[in-house]
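Per-entry structural report
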Amino acid sequence: MNIFTSAVFLLVLVFHLCEAGNPCCSEPCQNRGVCTAMGADNYECDCTRTGFYGQNCTTPEFLTRLKMSLKPSPNTVHYILTHFKGFWNIVNNISFLRDAIMSYVLTSRSHMIDSPPIYNADYGYKSWEVYSNLSYYARTLPPVPEGCPTPMGVVGKKELPDIKVLAEKLLMRRQFIPDPQGTSLMFAFFAQHFTHQFFKTDMKKGPAFTLAEGHGVDLNHIYGGTLEKQHKLRLHKDGKLKYQEIDGEVYPPTVKDVGVEMHYPPHVPDSHRFAVGHEAFGLVPGLMMYATIWLREHNRVCDVLKEVHPDWDDERLFQTSRLILIGETIKIVIEDYVQHLSGYHFKLKFDPELLFNQRFQYQNRIASEFNTLYHWHPLMPDSFHIEEADYNYKQFVFNTSVVTEHGINNLVESFSKQIAGRVAGGRNVPGPIMYVAMKSVEHSRTMRYQSLNAYRKRFSMKPYSSFEDLTGDKEMAAILEELYGHVDAVELYPGLLVEKPRPNSIFGETMVEMGAPYSLKGLMGNAICSPEYWKPSTFGGSAGFDIINTASLQKLVCNNVRGPCPVASFHVPDVKETGSMIINSSTSRGSDINPTLILKERTTEL
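Residues numbered from 1 in each chain as written. Predicted model: local features only at pLDDT ≥ 70, side-chain atom pairs only at ≥ 80, totals over all residues. Heavy atoms only, no water.

A word on the overall build of the protein chain
To keep things clear, this is the line we draw: Under the DSSP-based scheme used, a helix requires at least four consecutive residues in state H or I and a strand at least two consecutive residues in state E, with every element numbered from the N terminus. Here the radius of gyration uses the C-alpha set of atoms, whereas the globule reference equals 2.2 Å times the residue count to the power 0.38. Classification of residues uses two cut-offs on accessible area relative to the type maximum, computed with a 1.4 Å probe and protein chains only: under 20% is buried, over 50% is exposed, and between them is partly exposed. Throughout, a residue-residue contact means that at least one pair of heavy atoms, one from each residue, lies within 4.5 Å. Only the protein chains shown count as covering a residue, and every accessible area follows the Shrake-Rupley method with a 1.4 Å probe.
Counting secondary structure elements, the protein chain contains 26 helices and eight strands. Over its C-alpha trace the protein chain gives a radius of gyration of 25 Å, about what one expects of a compact globule, namely 25 Å for 606 residues. Counting only C-alpha atoms, the protein chain reaches 80 × 55 × 50 Å along its principal axes. Scored against the burial criterion, the 606 residues of the protein chain give a buried share of 58%. Partitioning the contacts of the protein chain with sequence separation of at least 6, the portion at a separation of at least 24 is 72%. Of the roughly 25900 Å² of accessible surface on the protein chain, a fraction of 54% belongs to carbon and sulfur atoms.

Side note on the nonpolar core
Just so we agree on the cut-off: We call a set of buried Ala, Val, Leu, Ile, Met, Phe, Trp, Tyr and Cys residues a nonpolar core when their side-chain atoms join them within 4.5 Å.
Ranked by internal contacts, the top residues of the largest apolar core, which has 155 residues, are Tyr337 and Trp376. In terms of residue count, helix α13 (residues 314-342) provides more of this core than any other element does, 12 residues in total.

Let's talk about the packing of aromatic side chains
Stated precisely, the cut-off is as follows: Only Phe, Tyr and Trp rings are paired, with Trp represented by its six-membered ring, and only when their centres lie within 6.5 Å; those with planes under 30 degrees apart are stacked, over 60 edge-to-face, the remainder tilted.
Inspection of the entire model under this criterion finds 39 aromatic pairs. Here the aromatic rings of Phe187 and Trp376 are separated by 6.4 Å at their centres, their planes lie at 10°, and the arrangement is stacked. Of the two residues, Phe187 is situated in helix α8 (residues 185-195) and Trp376 in the loop between α14 (368-373) and β7 (384-386); the sequence distance between them amounts to 189 residues. Pair check on accessibility: Phe187 and Trp376 agree, each one buried.

Thoughts on the state of the cysteines
Put simply, the rule reads: Here, a disulfide means two cysteine sulfur atoms that sit within 2.5 Å of each other.
In total, this model carries five disulfides according to the counting rule given. Covalent S-S linkage joins Cys29 and Cys45, the inter-sulfur distance amounting to 2.0 Å. Handedness here is read from the sign of the S-S torsion; for Cys29 and Cys45, about -90°, the answer is left-handed. Taken together, the residues Cys29 in the loop between α1 (3-20) and β1 (34-37) and Cys45 in strand β2 (residues 43-46) connect sequence positions 16 residues apart. Judged by relative accessible area, Cys45 falls into the buried class, the value being 13%. The disulfide partner of Cys558 is Cys565, and the S-S distance across this bridge is 2.0 Å. What sets the handedness of the Cys558 and Cys565 disulfide is the S-S torsion sign, and at about -90° it is left-handed. Judged by its relative accessible area of 33%, Cys558 is partly exposed. With relative accessibility at 33%, the residue Cys565 sits in the partly exposed group. What connects to what in the protein chain, once the bonded cysteines are numbered by sequence position, is 1-4, 2-8, 3-5, 6-7, 9-10.

Things to note about the packing of helix α4 (residues 85-92) against helix α5 (residues 95-110)
For clarity, the cut-off: Simply put, an axis is a line fit to the C-alpha atoms, just over the touching stretch for a helix, and the angle between two N-to-C directions goes from 0 to 180 degrees. Here is the rule for angles: anything less than 35 degrees is roughly parallel, anything more than 145 is roughly antiparallel, 65 through 115 is roughly perpendicular, and the remaining ranges are oblique. Under the scheme applied here, ten amino acids are nonpolar (Ala, Val, Leu, Ile, Met, Phe, Trp, Tyr, Cys and Pro), four are charged (Asp, Glu, Lys and Arg), and all others, including Gly, are polar.
Where α4 meets α5, the closest approach of the two axes is 7 Å, and the angle between their N-to-C directions is 105°. In terms of orientation, α4 and α5 fall into the roughly perpendicular class. When α4 is examined against α5, the residues Trp88, Val91 and Asn92 are found in contact with a partner set consisting of Leu97, Arg98 and Ile101. Split by residue class, the contact of α4 with α5 holds four nonpolar, one polar and one charged.

Looking at the pairing of β1
This is how the line gets drawn: By the convention used here, strands pair only if DSSP detects at least 2 bridges between them.
As defined by bridge partners, β1 adjoins β2 across four bridges and the pair is classed as antiparallel. Following the sheet pairing, Thr36 is matched in β2 by Glu44. Between β1 and β2, which pair antiparallel in sequence order, lie five residues; one of them, Gly39, sits at a positive phi of approximately 85°.

Focus: the pattern of salt bridges
Our working definition: In the sections that follow, a salt bridge refers to a side-chain nitrogen of Lys or Arg positioned within 4 Å of a carboxyl oxygen of Asp or Glu.
For the structure shown, the criterion picks out 27 salt bridges. Across the pair Glu475 and Arg427 runs a salt bridge, and its minimum N-O distance is 3.2 Å. Note that Glu475 is positioned in helix α20 (residues 474-484) and Arg427 in the loop between α16 (401-417) and α17 (434-446), a separation of 48 residues in sequence. Its relative accessible area of 48% is what places Glu475 among the partly exposed residues. On the basis of relative accessibility, which here comes to 17%, the residue Arg427 falls in the buried class. Connected via shared salt-bridge partners are Arg32, Asp114 and Arg458.

Structure follows, in structure tokens:
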């Protein structure tokens, strides 16, 4: 940067500082430096432990400069991990190498998440309220200060674009775009089922608040979010959950039989109002399919423990089975779910002992940004193919009879064969659930999220330099420029959905580089992963410990269906080999259903 350019930059910055009233509106502190306003025309940057110094924390220390020169970019790392399959096959079979790489993956990702949390939607500075009040989601970046010249601080237009216009021009599906990674609907429904144990926004208080006190993997979507609901769902015999049998197979009990709150519209008959841990899981059959599988698994594990420990009472059988299911869930998420998402040839591994010699805190707080970025509604198809039937949204939503009519075997097989949509790249949100995406943008504005580029910098990525750099598409870039005026003003959630995908990938760079740290910190920060818990005795001895250490999606399904086990996969079969992959080519915008039927106030995140 020459002297003239530097002078112009400083003049522009001074102008913005004066205009803003709050000098921190211009985000002058870089590299995670903390800005404190010193009156209306001055500020101070705290560069402590950032590895940088100077007025704006822009000058790297020697070791920081060295690390920066040696560290490859996220896209370079992604390229290496998704190519050179022969090399990674060798690494995967050398235990100490695989363990060393996995340990680095876990620590490097997890350390990007602040623990304990330092911000929430109402406190853009450290406070005891941020630390102690678990009713808030945490925040990774503080809100944009109030009273700034523009919604994003000092750049962009004075007003953010109309949400409806934004949705119609950039988010709405024109034609179904299949995921090039071959992600299946089995994956899509797993994502929805798994995450809604900790994404439970309290809409009565507002989008900054959560009803999930556990802030992590506690399986409240199986066991209920309160002790009262848990006891209503329990059989109180042999540690098991209540159930009913239909045609000789186990399904969840009805609301009428257990007396718990569930969200069903009036037209659903009592016999189809299944009762499970999450009150909104009657919404779609894919959620109830997983709820049924986990119900069966819990009761199966209770039988295993009962055989080993015939002297144990109901309470101990229940509590130990719950710990085992938490372990199974984490292993499946890392070794099946995240493995598929990553596209890596390197084989991920769930082994809590890899972190026992690391500086690691076994606690977690769910960030609202994590909740926001996980709105992966482009995954959903235009219609749902189960056996020979094809269901549109109106036929699919709140229709739990689909689960019992087709059976778990056929649902698993059908959802494993149908391809999901690509999330990044724009214009792939189905019309019937566009309302959810629009609500997500609305809530983001209520919480005054910083820009997409601000979050890229926070997660060690280079900010996008232009709209075309962001989208890789001239037409969408022109629309974004018209709507926002400056690339630094593009909002987080719309930016994630229109971001150019990585080559042959479901997501763009930002979604992965933000999502992975939140995910791995939340999984490995679980209490069962701590040295105090991670031992056979916690899980009833070697029998329970082995259930966790051998868990997989396929095994979970096979242990809990009757008859031949269907292929259960987060990846659709190779169409060249089987000819069985289902791609939805409909151009329907889903106008056959009113989205408000789907989206109750308490189920907006679904």
